[in-house]
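One-letter residues, chain by chain:
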Amino acid sequence: MTDLFMGFEGKFYVGPSGKESPTASGMILADSVRNPQYTWQYTDVDATLRRHNGIKAYIKGMLDVSITFTLPNEKLASGSRSADAQLILDALRNRHTPITIIMLDVTGGEGLIGDFELFSGDKSEEDENLQEWTIEAKPSAAGRAVSWYETPSPPQE
């Protein structure tokens, strides 16, 4: 049987830097985030030698990881923003505030975890569309390294 995962099944968590799991204290399910997408790719390094007889050869270089998403410009009835949106906007506007981001394919699944710096706060105000920020997150030099997260399996009985 094949398991197909739809986009709405994925989970996007944010929290203060240094968190280790989506269930850690301070982690928030980021319901405000729209259209999340991550890149997990290696750069290529030219490794051509004479023995390749003029045909280029490559090796994998450094892993490049980035996350992009949009954040609608919306406020609650009280005039404040949701906790996830406020955390994201504070990190975007502050130079020294990396945040932990965890992107899982499904609840209790697998995906990226790490501390990220938020860049690229492009804001669109297109005619009939909702105002939103386009945000890019890149691994932080000051925080937890990006790695692949898998939810721990429950003990077998």
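Residues numbered from 1 in each chain as written. Predicted model: local features only at pLDDT ≥ 70, side-chain atom pairs only at ≥ 80, totals over all residues. Heavy atoms only, no water.

A. Geometry of the overall build of the chain. The helix and strand inventory of the chain stands at one helix and eight strands. Across the chain, helices and strands are ordered from the amino to the carboxyl terminus as β-β-β-β-α-β-β-β-β. Along the first, second and third principal axes, the C-alpha set of the chain runs to 70 × 55 × 35 Å. Buried positions account for 31% of the 157 residues belonging to the chain. For the chain, long-range pairs separated by at least 24 residues make up 60% of all intrachain contacts whose partners lie at least 6 apart in sequence. Split by element, the accessible area of the chain, about 10400 Å² in all, is 50% carbon and sulfur. Counting 14 positive and 23 negative side-chain charges, the chain places the averaged centre of each group 8 Å from the other. (Helix = DSSP H or I, 4+ residues; strand = E, 2+ residues; numbered from the N terminus. Buried < 20%, exposed > 50% of the residue type's maximum accessible area, 1.4 Å probe, protein only. Contact = heavy atoms within 4.5 Å. Areas by Shrake-Rupley, 256 points an atom, 1.4 Å probe, with all protein chains shown as cover. Lys, Arg positive; Asp, Glu negative; His and termini not counted. Charge placed at Lys NZ, Arg CZ, Asp CG, Glu CD.)

B. Main features of the nonpolar core. Of all hydrophobic cores here, the largest spans 22 residues; its most connected members are F12, I67, I88, I101, L118 and I135. With five residues, the single largest contributor to this core is helix α1 (residues 83-93). Other than its neighbours up to four places away in sequence, I88 contacts V14, V33, F69, L71, I99, L118 and I135. Within the second largest apolar cluster, six residues are counted, among which are M27, L104, I113 and Y149. (Core = buried A, V, L, I, M, F, W, Y, C linked by side-chain atoms within 4.5 Å.)

C. Main features of the layout of surface pockets. Size it by volume and the largest pocket reaches roughly 380 Å³. If you go around the largest pocket, you meet 19 residues; those closest to its centre are G7, G10, K11, P36 and L104. Those elements giving two or more residues to the lining of the largest pocket turn out to be β1 (11-16), β3 (34-46), β5 (99-104) and β6 (110-124). If you tally residues by element for the lining of the largest pocket, the top one is β3, at three residues. A class-by-class count of the residues in the lining of the largest pocket yields 11 nonpolar, three polar and five charged. (1 Å grid on protein atoms, 1.4 Å probe; cavity = no way out; pocket = protein on both sides within 12 Å on 5 of 7 lines; lining within 4 Å. Points joined across faces, edges and corners; volume = space filled by probe spheres on them. Nonpolar A, V, L, I, M, F, W, Y, C, P; charged D, E, K, R; others polar.)

D. A look at the pattern of salt bridges. In total, this model carries two salt bridges according to the counting rule given. The closest approach of N and O atoms between E20 and R144, which form a salt bridge, is 3.2 Å. In this pair, E20 is assigned in the loop between β1 and β2 (28-29) and R144 in the loop between β7 (132-139) and β8 (147-150), connecting sequence segments 124 residues apart. Here D46 ties to K56 by a salt bridge, and the two come within 2.7 Å at their closest N and O atoms. On the criterion of sequence distance, the pair formed by D46 in strand β3 and K56 in the loop between β3 and β4 (58-72) is long-range, its members being 10 residues apart. Judged by relative accessible area, which is 43%, D46 ranks as partly exposed. (Salt bridge = Lys/Arg side-chain N within 4 Å of Asp/Glu carboxyl O.)

E. Quick look at α1. Taken together, the buried positions of α1 are D84, A85, I88, L89, A91 and L92. Around the axis of α1, the buried residues are gathered within 160 degrees of arc, so they sit on the same side. In this structure, α1 carries A83 and R93 as exposed residues pointing more than 90 degrees from its buried face. Residues of α1 that are buried make contact with β1, β2, β4, β5, β6 and β7. (Arc of directions from axis to C-beta.)

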